[in-house]
Amino acid sequence: ANEICSDKTGTLTRNRMTVEALWNGWEVKDYERSPPRKEEFIGEHLDILVEAIAVNSTAYLEFQNIEIQDGTGRFKEVINHVGSPTECALLQFMQSMDYDYHHLRKDYPIIHVEQFNSERKIMTTVIQHPTQQNMYRVFVKGAS
């Protein structure tokens, strides 16, 4: 079995959650000061992690170019989080390693979804296994 445990921070200082640490299969990596790198993960752990983040989520990121109000005509890219702050933080984490969650959502058709609700306190998504025709992957996330 593979487990992903996460904690979210940044909501008070930036009004936005970010991934600051993650267990990569053998150690906890701190991402508070440096971005994640693909080579920090064991084998297919990263592939399964980004699948789970992409398909077991209803959130998305909106990118906008906003003019900097300094008279220079320069723009900066702003990322708006739409949906669950936790899910958006995870999407931005995977995007920082050059994974496209849109592409993954398209490549892995969802067979069944049980949305998160306050009674069940979990979300479950079932997808067709990427390489095994008669097998499925089940991604579950939730709160205690």
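Regarding the packing of aromatic side chains
The description of an aromatic ring pair uses the distance of the two centres, along with the angle that the planes make with each other.
Argument step 1. Summed over the entire model, instances satisfying the criterion amount to 1 aromatic pair.
Argument step 2. In this arrangement the basic side chain of Lys 38 is found over the ring face of Tyr 99, its NZ or CZ atom lying 4.6 Å from the centre.

Digging into the layout of surface pockets
Vacant regions in the atomic arrangement are exposed by a probe of water-molecule size rolled over the atoms.
Argument step 1. The volume enclosed by the second largest pocket comes to roughly 260 Å³.
Argument step 2. Lining of the second largest pocket is provided by 15 residues; of these, Thr 18, Val 19, Tyr 31, Phe 93 and Ser 96 occupy positions nearest its centre.
Argument step 3. Of the residues assigned to the lining of the second largest pocket, the class counts are 7 nonpolar, 4 polar and 4 charged.

A closer look at the environment of Gly 83
Argument step 1. One can find Gly 83 in the loop between strand 4 (75-82) and helix 2 (85-95).
Argument step 2. In this structure Gly 83 touches Ala 59 and Cys 88, once residues within four positions along its chain are discounted.

Let's talk about the environment of His 103
Argument step 1. In this structure, His 103 sits in helix 3 (residues 101-107).
Argument step 2. Measuring from C-alpha to C-alpha, the distance between His 103 and Ala 54 comes to 8.9 Å, with 49 residues separating the pair along the chain.

Some details on unusual backbone geometry
Argument step 1. Residue Asp 98 is not a glycine yet carries a positive backbone phi of 65 degrees.
Argument step 2. Considering the arrangement of structural elements, one finds Asp 98 in the loop between helix 2 and helix 3.
Argument step 3. Positive phi, normally seen in glycine, also occurs at Lys 121, with a value near 60 degrees.
Argument step 4. Along the chain, Lys 121 turns up in the loop between strand 5 (110-114) and strand 6 (122-128).

Some thoughts on the nonpolar core
Argument step 1. Of all hydrophobic cores here, the largest spans 26 residues; its most connected members are Phe 41, Leu 46, Leu 49, Leu 91, Phe 93 and Met 94.
Argument step 2. Contributing elements (two or more residues each) for this core: helix 1 (45-55), helix 2 and helix 3.
Argument step 3. Element by element, the count of residues in this core is highest for helix 1, at 8 residues.

Things to note about the confidence of the model for the protein
Argument step 1. Averaged over every residue, the pLDDT of the protein is 85; the share at 70 or more is 89%.
Argument step 2. Segment residues 7-13 is flagged for pLDDT under 50; beyond a separation of four residues in sequence, or across chains, it makes 11 contacts in the model.

Observations concerning helix 1
Argument step 1. With respect to burial, helix 1 is a largely interior element, 9 of its 11 residues being buried.
Argument step 2. Along helix 1, the positions that sit buried rather than exposed are Leu 46, Ile 48, Leu 49, Val 50, Glu 51, Ala 52, Ile 53, Ala 54 and Val 55.
Argument step 3. Contact partners of the buried residues in helix 1: strand 1 (21-23), helix 2, helix 3, strand 5, strand 6 and strand 7 (136-142).

Definitions and limits used
- Residues numbered from 1 in each chain as written.
- Predicted model: local features only at pLDDT ≥ 70, side-chain atom pairs only at ≥ 80, totals over all residues.
- Heavy atoms only, no water.
- Phe/Tyr/Trp six-rings, centres within 6.5 Å; stacked < 30°, edge-to-face > 60°.
- Lys NZ or Arg CZ within 6 Å of the ring centre and 35° of its normal.
- 1 Å grid on protein atoms, 1.4 Å probe; cavity = no way out; pocket = protein on both sides within 12 Å on 5 of 7 lines; lining within 4 Å.
- Points joined across faces, edges and corners; volume = space filled by probe spheres on them.
- Nonpolar A, V, L, I, M, F, W, Y, C, P; charged D, E, K, R; others polar.
- Helix = DSSP H or I, 4+ residues; strand = E, 2+ residues; numbered from the N terminus.
- Contact = heavy atoms within 4.5 Å.
- Core = buried A, V, L, I, M, F, W, Y, C linked by side-chain atoms within 4.5 Å.
- Buried < 20%, exposed > 50% of the residue type's maximum accessible area, 1.4 Å probe, protein only.
- pLDDT = per-residue confidence, 0-100.

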